[in-house]
Structure formats: C-alpha cells, structure tokens
Amino acid sequence: MILELAPDRMRQCCKSAHSLQMHTVDQFDSVPDSILLLILNRLSDIKALGRCCAVSKRLNALVPQVENVVVRVDCVISGEDSNLGVKSKGLFSHLVRFVLGTLVKPLQALQQFLGSKKTVLTEVSHHSPGEVLRNFRDVRNLRIELPGGELGVEEGAVLKWRAEFGSTLESCVILGASSMANFENDKQGGTCETGKHYLGRAGDRPPTAALDAEGGGVTGSQDDNGIMPESFYTNGGLKLRVVWTISSLIAASARHYLLQQIICDHPTLESLVLTDADGQGMLCMNKEQLQEFREKPLAISASSNRTQVPALNMKLWYAALLELPAGITMRGATLVAIRPSDQPIRKESELFVSSVFDEPFKSAATSLVNRRTYLLEMNSF
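For clarity, every value in this text was computed on a predicted model and none was experimentally measured. (Residues numbered from 1 in each chain as written. Predicted model: local features only at pLDDT ≥ 70, side-chain atom pairs only at ≥ 80, totals over all residues. Heavy atoms only, no water.)

## Re unusual backbone geometry
Working note: non-glycine residues mostly have negative phi, and peptide bonds are mostly trans.
Here is step 1 of the chain: Residue Pro-360 is reached from Glu-359 by a cis peptide bond, and omega for that bond is 0°.
Here is step 2 of the chain: For Pro-360, the location among the structural elements is in the loop between α11 (349–353) and α12 (361–368).
Here is step 3 of the chain: For Ser-44, which is not glycine, the phi dihedral falls at a positive 60°.
Here is step 4 of the chain: Within the secondary structure layout, Ser-44 lies in the loop between α2 (33–43) and α3 (46–53).
Here is step 5 of the chain: On the basis of relative accessible area, Ser-44 is assigned to the buried category, the value being 12%.
Here is step 6 of the chain: Positive phi values are uncommon outside glycine, yet Ala-326 reaches one of about 65°.
Here is step 7 of the chain: Looking at the element boundaries, Ala-326 is found in the loop between β10 (312–323) and β11 (328–340). (Helix = DSSP H or I, 4+ residues; strand = E, 2+ residues; numbered from the N terminus. Buried < 20%, exposed > 50% of the residue type's maximum accessible area, 1.4 Å probe, protein only.)

Structure representation (structure tokens):
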C-alpha cells in the first residue's frame, strides 16, 4: 500500500515545489523597461526618483533615462550680501531700489540650486542639485519650483506674472490687484480678505466704504469701463503699478539668467518651466526658445546678475472694481501685456493674454481686455 501511494506523493511534492518556485520568482523582473520608464516619467519628482535609485541596480540604471523631471527647491539659503544691484536713472531709480530688497533670498536659493556645492536636496544626494540634474542625460521636460515668489506685496494684494523667453524676453503678462475678496453671502453676513466685516441679507453687496479706497470713488455697480480716475495718478495707484511691472520683469530676467548652466548641460530639453510654490510667477521656454538661448549670446545687465530687459511696448487695462464668478471681487485690478518694441502687441494676441492664468484669474484677465486700453513704453534696463 505504501509503495502504491509513493508515486502520488511524489507528484504532490513536485507540484508543491513548482508552486513554491513560482511564488519566489520576482514578477518585477518580467515588467519591460518601457513600462517602468513610463511609470518613472509619471513619478517625475527628483527626490522620489533618487529614492528609486536605491531600490535596485535595474532602477538605478533606468532613472537617468527619465524624460520628465520636477525639482522642488525646499530650502532657502539665507544671506545678507547680494550681488543684485541696479543703477537706474531718472524716475524709476527709487522704485527699483525698493523692489530689490524683496528679491534677494529666493533668488539666492535658486543660485545655490544651480551652481553651489552646498546641498539643497540632501535626501537625494550629497552633491548640489545642479550636479544631480546632470545625471539625467535624456531629460526633455523640466519643471523647477522655488519655495516662494520673489516679490513681496502688501497683505491682501495679488500679483501674478508669466513670462516667455528665448535668448531675451519675448512676452510677459502681469495681473495685479490691490485687494481680492471672497464675500460670503450667508444669513449672518460675510467677510473679506481685508478683514473688514459687513452685515446684510444673502446676496447683498458690502458697504461702498469698504471698496472705494482706491479708484477715486468708483465703486459697486458703477461701470467705469476701465477709465482711470484723475486721483489714480496722485494717490499712489499708478506708482504701485509701475513697481509691480518693474519688479516682475526683474524677477523674470533674474530667473532667466540663472538657468544658463542647466540649459547648456541638457541639450535634449524641449520644455522648461521655472515657477514657485506660491504661484506668483512662471517663466516658460519651449523647444525653439531653448534652441535660440543656446545659439545666441545673452544680453547681460551690466549692473546685476540678470538678463537685460529690452525696450518694451505695453498694453495696460484697469478696473477699479471687478466682480468675478463665485462672489470674488478684485479691487484695483490691473492687467499688463508686454512685448519687446520690435514685436508690437497685436489685437489677436489679446486672446493669449486672457488665457495664461488659471481661474479665477483667467476670468479677471478676460474681463479686463474688453476695457479701455492704455499704451505705454519702457526703455531697456
């Protein structure tokens, strides 16, 4: 009887051994490299990719082939000394000096990120992030995110910009507002970001006094059609817009200048975005613009570490009070579209101007471009 059962038992043992062997095979090895690269490209974050390198030799060999990389600079290197300086002449000199104090620390962080031997992403490598990026030999789409915007604005104010560069500035759109409020229409009343409260029934507007501090008394339901009141030129409203414009251009040109090494080290780059966690400013470069950057010499500002801003033509739109969907209200809303003087802003470009921001700022820009247009010029600096 024992001898008769022995073959069955042997067959069962063989099946168990085969099943155990099946379970011990690493199924990860059967995944093609192309699928793994697709996953790694979706992952994209440079810290996470650095951790993947430590998982296995296979991943360590695949990570440098990733085409989409996101670098989040989460450490600001503080310092009191700065080699940023502007020797401006005439009316704007004191405005530019005022702006520079707000630019130093985030730009120093980016400069450390690009060239210093100090570590910013310590979890990825003991080398500088610039050196870490050099390991990505096939990167095509690169996004760098600073810990915050360079420009300090008053509490409650809004300032956003987006610039496109080749070897120099090609376009810039700036959207600002002296305040932005989201009024809560409920039974008890509502509040706005300025901290002022109002009482009323659902759907009521807040008191006029809470909204007409800027704009020469143009408030509420009055539609000014974008006409600047006389008081706007004397109460500091226009001066503030000039500061916003100059400071945004300085921030954009400084970011552009500091990208030289990365662009030169990565000839495969087709898209480059340099933004910040606050969503304040965004510098964009596409494949053609990156190629132009490599082929043409940069015009460097003689007085600071930034690309020289060319002579500019600007269109400006203004609304003392701008009502947006979802109960959002912008006071002193201003939109500025900028191009070099040799590339004048055409009517068809206004569609692009109104689409560069996400909501609710897209709605604000769309509304502003339908108002009265002011034309301005600015010399190179």
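## Thoughts on the nonpolar core
Here is step 1 of the chain: Within the largest apolar cluster, 57 residues are counted, with the highest numbers of intra-cluster contacts made by Val-69, Phe-136, Leu-142, Ile-144, Leu-169 and Ile-338.
Here is step 2 of the chain: Top element by residues in this core is helix α8 (residues 237–258). It accounts for 7 residues.
Here is step 3 of the chain: Ranked by size, the runner-up nonpolar core spans 22 residues in total, among them Val-173, Leu-322, Ala-337 and Leu-368. (Core = buried A, V, L, I, M, F, W, Y, C linked by side-chain atoms within 4.5 Å.)

## A few points about the environment of Val-69
Here is step 1 of the chain: Mapped onto the elements, Val-69 comes out in strand β1 (residues 68–72).
Here is step 2 of the chain: The class of Val-69 is buried, set by a relative accessible area of 1%.
Here is step 3 of the chain: With residues up to four places along the chain from it excluded, the contact list for Val-69 reads Ser-44, Ile-46, Leu-133, Phe-136, Val-139, Asn-141, Leu-142 and Arg-143. (Contact = heavy atoms within 4.5 Å.)

## Remarks on the environment of Gln-343
Here is step 1 of the chain: Assignment of secondary structure puts Gln-343 in the loop between β11 and α11.
Here is step 2 of the chain: As a C-alpha pair, Gln-343 and Asn-313 span 30 residues in sequence and 8.2 Å in three-dimensional space.

## Looking at the pairing of β11
Here is step 1 of the chain: In terms of burial, β11 is largely enclosed, as 12 of its 13 residues are buried.
Here is step 2 of the chain: Sheet analysis places strand β4 (residues 169–177) next to β11, joined by 5 bridges and oriented antiparallel. Within the sheet, the bridge partner assigned to Gly-176 lies in β11 and is Thr-334.
Here is step 3 of the chain: Bridge analysis of strand β5 (residues 179–182) against β11 gives 4 bridges, and the strand direction is antiparallel. Paired with Asn-182 across the bridge in β11 is Ile-328.
Here is step 4 of the chain: Summarising the sheet, β10 and β11 pair through 11 bridges and their orientation is antiparallel. (Pairing = 2+ DSSP bridges.)

## Looking at the pattern of salt bridges
Here is step 1 of the chain: Counting across every chain of the model gives 6 salt bridges.
Here is step 2 of the chain: The partner of Glu-67 in a salt bridge is Arg-140, with the nearest N and O atoms 3.4 Å apart. Taken together, the positions of Glu-67 in the loop between α4 (57–62) and β1 and Arg-140 in the loop between α7 (129–133) and β2 (141–146) put the pair 73 residues apart, joining distant regions of the chain.
Here is step 3 of the chain: Look at Glu-67 and you get partly exposed, because its relative accessible area is 32%.
Here is step 4 of the chain: Assessed through its relative accessible area of 30%, Arg-140 is described here as partly exposed.
Here is step 5 of the chain: Two residues, Glu-164 and Arg-162, come together in a salt bridge whose shortest N-O distance is 3.7 Å. (Salt bridge = Lys/Arg side-chain N within 4 Å of Asp/Glu carboxyl O.)

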